[in-house]
Structures are given as structure tokens and as C-alpha cells.
Amino acid sequence: MTAPKPPGAATLAAHAGYDPASHQGTVNPPVYHTSTVIFPTVEALHGDDANPFGGMRYGRTGTPTTKAFEGAVAALEGAYGAVVASSGLGACCTALLAWLKAGDHLLISDAVYAPTRNFVTRILANLGVTVEFYDPLIGAGIRTLFRPETKLVYLESPSSWSFEIQDVPAITALCRARKITTMIDNSWATPVFFKPMSHGVDVSIHAATKYIAGHSDAMLGVTAASDKTNYDTLKTGHYLTGQAAGADDVFYGLRGFRTLPIRLARHEATALALADFLAGRDEVQRVLHPALPGDPGHVLWKRDFTGSSGLFGVLLKPYSARAVTAMVEGMALFKMGWSWGGFESLIVPGFHLPARGVRGWEPGILLRLHAGLEDFDDLKDDLIAGFARLAAEA
Ligand SMILES: Cc1ncc(COP(=O)(O)O)c(C=O)c1O
């Protein structure tokens, strides 16, 4: 007998965590606003102490709303289970805390999201963890950095400012052989475009604030674990550090999740069209987008990813900061803001780029663009007008 064909990403996004029979037929789970859960007997109050997360015991340990969202994300990730957090950064930091202890050696990408970098250098290092940054392009060369006490490798691919693609399977194969846990920040690709568990990763972390919630109206994190052992470590870490997410934000996360594949297809198409247009402009030195055939990460991206999202970079030829400021401040549709993944297009000039210790920055002013859901022609016209301001101030 042949195994049934697994559902596609859009089908999973529409149906995973869907359970009308438990909620009087409603297609979405109700938003459970609660701290207290009332029990009728002393026995029920104490419940199954060996299984503190089973059923509903207290608001922080999970409600049917959070469980529906966690189950949906886990299904799309192909994971054993997932756990919500109050923000993407909360998810990153809690996962690291759940695994690491004093004396452990952590290898973390030099191109990691800057606040995660600050957390490991300013909190974990003070707790006795040895933190070492690695070149995101290191691939199998990471083996030279392993020490007997290496406990964890933390990846982010692509990185959210410089867009390097890592050789995830090469790194995870080496880590598995040495029982080193691997974690990845998968916020850019989401489980629609990259499946960390199929590439050997143990823990996949999302700023659900971005594409999963997708409407720039919630702060949310979610982390998926490959198997029961990793899930138990993760869930215990979240519980002991007091992680919980607000009921409404979890609901927004699940609502956004239902349309994630279709929104991503639009972000992808618009970003690719913009990247093509920008690559042909005289003002541009290089477009940083792994789905472009000339990009240094393209071969790995093509091998491992099934699509690309809306966030990418543009390295300008030398222009003054004044000219770049005139360009970005005058944009009509590309607004300036520290996020991405929502319906709106964004632009950020890289005047203050995150710290790097191993792989430096290419010279030039980097613009980070997020392609929102607007019409491509309008976004293109906005950029053309921006380039005119750039030239006028040059
Ligand atoms: C790659 C990446 N990871 C994690 C985060 C943190 O997410 P949040 O803002 O929800 O804390 C961000 C936020 O910008 C991000 O870009």
C-alpha cells in the first residue's frame, strides 16, 4: 500500500490546528482570556503533577487558543510540537536559555539578528556560557570550531541584513554526529519556504510578529522542536522563565497563519520583480537577494528552499548620507520602520549596521527593503522618484 500523499503547505495552513467540534462548531478557536482555571476537586487541582503541561491548568501553561496555534505551526514545520512566546526575541532567548548552562560553548552566526547577539554577549556570557561567533558562510568548516564543550549551534539563514545563506545540512550533519543541538531563526523563510527539520535542525524559531501574524498588529514568537526530548526541554524552559503570549496576539498569529502561503507568494513575486528592477539601476552596486541567480547564496538557496520572501537588501554605489536621507525620507509607499513581514512596504537605510566580528560589511550604504502587498508598479514608481531625489542631492 502506498502512503497517502502529505497535504501541501496551503492546505496545512488552512486546516492545521482546526477543531470546530471542540468549540461548538466555530471555525476559529475562541480567544481564551484567562489566568485562573477553576477545578472542582483537590485531586483535579493537583492534576497529573508528572505532566504539568497537559490539559488546562493555568493561563500561562496554555489554553485552547495557544494550543491551536502551536499545533498549526508544528504541523507546517513537520515538528513534534511548538511553544508560543511573547515576542520573536523572547522565543530566541528562551530557547537558548533552555539548553545552555555555565561552561557550555555556543557557536552562533556572526550575522545573527542584532538583539539576539546582544542577548548572548550581554546575558549568556555573564552566566558563564562561552560565546563564539562563526562566519555564516563557514559550512562544513564549522567542524574546526567544535570543542568538547560545544553544546549548541545557532543559525539564521538568510541573515536579515546581509542575506547570506548557510549550508544548513552540512552544519547539522556534523552537529548530529557530535550530539550538538542546532537551532535556527527561520523567520525570513517561514515553514512555507524552508523546513528546518528536514535539513536536520532540532529547533526552529520564528518571530511570528513578522510573516506569520502578517498584519503588523501583534508581537509574538513561536518555537518548534523536532522530537519529544527537544520539545520537553523547550517547554520546560518556557515554563520556568515565565514565557506566555497574550491571548489576542496568539489569535492574530493563528489568523495570519491561515493566509501565510498566499501572502508569501505575493511578497515573493513583488520582491523578485523589485530586485530585478533594482539590479538594472545605475545607482545600485549589488542587490542582496538569494533567489537572484547571481547572488552568492543562490546555489544553496535553490537546493534547500522552495521560495523566497519579501525582505532583501540593496547596496548602493557611493552616495552621501544626505542624498540617501533625501531618498528614503521622501518615499510615499516605502515607509521607514524596524520591522517586516506585514502588508506594508518598508525601507531602512543601513547607517548604523549591527556589529560584526568575523565577516565584515561590504563597503557602501545598504538599504533594506520589505516588499509589501501593494501593486508592483506603484512601488517601482516610488523607487524611481526616490532615485531622482538621490541624484538631486548627490
Ligand atoms: C530575524 C529576526 N528574528 C527575531 C526577531 C525578533 O522578533 P520580535 O520583534 O517579535 O521580538 C526579529 C525582529 O525584527 C528578526 O528580524
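Each remark here, short or long, concerns the structure printed above.
Throughout what follows, the structure given in this document is the object of discussion. (Residues numbered from 1 in each chain as written. Predicted model: local features only at pLDDT ≥ 70, side-chain atom pairs only at ≥ 80, totals over all residues. Heavy atoms only, no water.)

Describing the pattern of salt bridges
So, point 1. One pass over the full model with this rule turns up 15 salt bridges.
So, point 2. A salt bridge links Lys151 to Asp104, with the shortest nitrogen-to-oxygen separation between them at 3.8 Å. Pair noted here: Lys151 is in strand E4 (residues 150-156) and Asp104 is in the loop between helix H4 (88-99) and strand E2 (105-109), with a separation of 47 residues, a long-range link.
So, point 3. Here Asp232 ties to Lys228 by a salt bridge, and the two come within 2.6 Å at their closest N and O atoms. Placement of the pair is Asp232 and Lys228 together in helix H8 (residues 228-240), with a separation of four residues, close to one helical turn.
So, point 4. Looking at Asp232, the relative accessible area reads 33%, which means it is partly exposed.
So, point 5. Look at the salt bridges and you will find they share partners, linking Lys101, Asp104 and Lys151 into a network. (Salt bridge = Lys/Arg side-chain N within 4 Å of Asp/Glu carboxyl O. Helix = DSSP H or I, 4+ residues; strand = E, 2+ residues; numbered from the N terminus. Buried < 20%, exposed > 50% of the residue type's maximum accessible area, 1.4 Å probe, protein only.)

So, the sheet that holds E2
So, point 1. With mixed pairing, seven strands are arranged side by side in an open sheet as E1-E7-E6-E5-E4-E2-E3. In the strand order of this sheet, the two ends are held by strand E1 (81-85) and strand E3 (130-134), each with one partner. With direction set aside, neighbouring strand axes in the sheet form an average angle of 20°.
So, point 2. Alignment of strand E6 (residues 203-207) against strand E7 (residues 221-225), held across five bridges, turns out to be antiparallel. Bridging across to E7, His206 finds its partner in Val222.
So, point 3. Against the sheet, H8 contacts E1 and E7, and its axis sits at roughly 15° relative to E1. (Pairing = 2+ DSSP bridges. Axes fitted to C-alpha atoms, helices over the stretch in contact; angles between N-to-C directions. Contact = heavy atoms within 4.5 Å.)

Observations regarding the pairing of E7
So, point 1. Taking burial as the measure, the five residues of E7 include five buried ones, the bulk of the element.
So, point 2. Alternating positions in E7 separate into two faces, Gly221, Thr223 and Ala225 on one and Val222 and Ala224 on the other, with burial throughout.
So, point 3. In the sheet, E1 pairs with E7 via five bridges, with the strands oriented antiparallel. Its bridge partner being in E7, Ala82 is matched across the sheet by Ala224.

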